[in-house]
Amino acid sequence: MNKEIAVIFDMDGVICHTNPYHSLAFREFFAKWNLSPTEEEFAKHMFGKSNSYILSHFFNRPVSGKELSVLENEKEALFRKIYEPHIEPIAGLIDFINELKGHDVKLGVATSAPCENLDLILKKLPLRDKMSSILASEDVKKHKPNPEVHLKSAHNLGVPPERCIVFEDSYSGVTAALNAGMKVVGVLTSHTATELPPCSLYINDYLDISYKTLGNI
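Residues numbered from 1 in each chain as written. Predicted model: local features only at pLDDT ≥ 70, side-chain atom pairs only at ≥ 80, totals over all residues. Heavy atoms only, no water.

A.B. asks: Would you take a moment to explain the nonpolar core for this structure?
C.D. replies: Within soluble globular proteins, side chains that are nonpolar tend to cluster in buried spots. Counting 53 residues, the largest nonpolar core has Phe9, Ile15, Phe167, Tyr206 and Leu214 as the members making the most contacts within it. Every residue in contact with Tyr206, bar those within four places of it in the chain, is listed here: Phe9, Val14, Ile90, Ala91, Gly92, Leu93, Phe96, Phe167 and Val187. Formed by 18 residues, the second largest nonpolar core is a distinct cluster that contains Val149, Leu157, Val174 and Ala180. (Core = buried A, V, L, I, M, F, W, Y, C linked by side-chain atoms within 4.5 Å. Buried < 20%, exposed > 50% of the residue type's maximum accessible area, 1.4 Å probe, protein only. Contact = heavy atoms within 4.5 Å.)

Structure (structure tokens):
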């Protein structure tokens, strides 16, 4: 590739396969409120969504302000406790990132998850020093599918949106990247290709993707 590019990774379902553990945490959390969401409801209304959206949807009323902060902190602390012993990257990710760094690709993380969740994973995996932009839920005013987090990432990385490639696994995440004018690689950890908006490429993991692959999308 002759032009500089940037690669932006979502976190949940893209760096780590966290969604099954989010489901466990939400099930335990919602049980306190006598709520029992189905797997289909989780897939449609949890993966890739902000906690404000998730809680408002399942409580069937707006959840914001101090109440949102209290409930979000409770659920996310539960998630971190459940997930911490199981943290591992999606297959092939670390080698892929090292290859990208070897080609001077600028890298970033753009997640709808809280900073504490992101920090937990970045403490366990050798990624933080490779990322030139790290953004979580608290760093933006509007969440996916709004493109703010991706556009802010591109600004931080000093690369125009059209030269950015985003790895996302959820409908809202893919939509956000497309709304930002970026190319998208759909990571099929949470959804099938037909359940996502059209992406430039789809992968199950990072074992068969390389820097050269990115030049062809």
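A.B. asks: Is there a simple way to explain the state of the cysteines in this structure?
C.D. replies: Disulfides are covalent bonds that link the sulfur atoms of two cysteine residues. All chains considered together, the criterion is met by 0 disulfides. Of the cysteine sulfurs around Cys16, a residue in no disulfide, the closest is that of Cys115, at 16 Å. Residue class for Cys16 comes out buried when judged on its relative accessible area of 0%. (Disulfide = S-S within 2.5 Å.)

A.B. asks: Honestly, the pairing of strand 2 (residues 106-110) in this entry has me stumped. Any pointers?
C.D. replies: Within strand 2, 4 of the 5 residues are buried, leaving the element largely enclosed by the surrounding structure. With 4 bridges connecting them, strand 1 (residues 6-9) and strand 2 associate as parallel partners. Its bridge partner being in strand 2, Ile8 is matched across the sheet by Gly108. Strand direction decides the pairing type here: strand 2 and strand 3 (residues 133-135), joined by 3 bridges, are parallel. Bridge assignment links Gly108 to a residue of strand 3, and that residue is Ser133. Each parallel crossover has a hand, and for strand 2 linked through helix 6 (residues 115-124) to strand 3 it is right-handed. (Helix = DSSP H or I, 4+ residues; strand = E, 2+ residues; numbered from the N terminus. Pairing = 2+ DSSP bridges. Right-handed = clockwise from strand over helix to strand, strands pointing away.)

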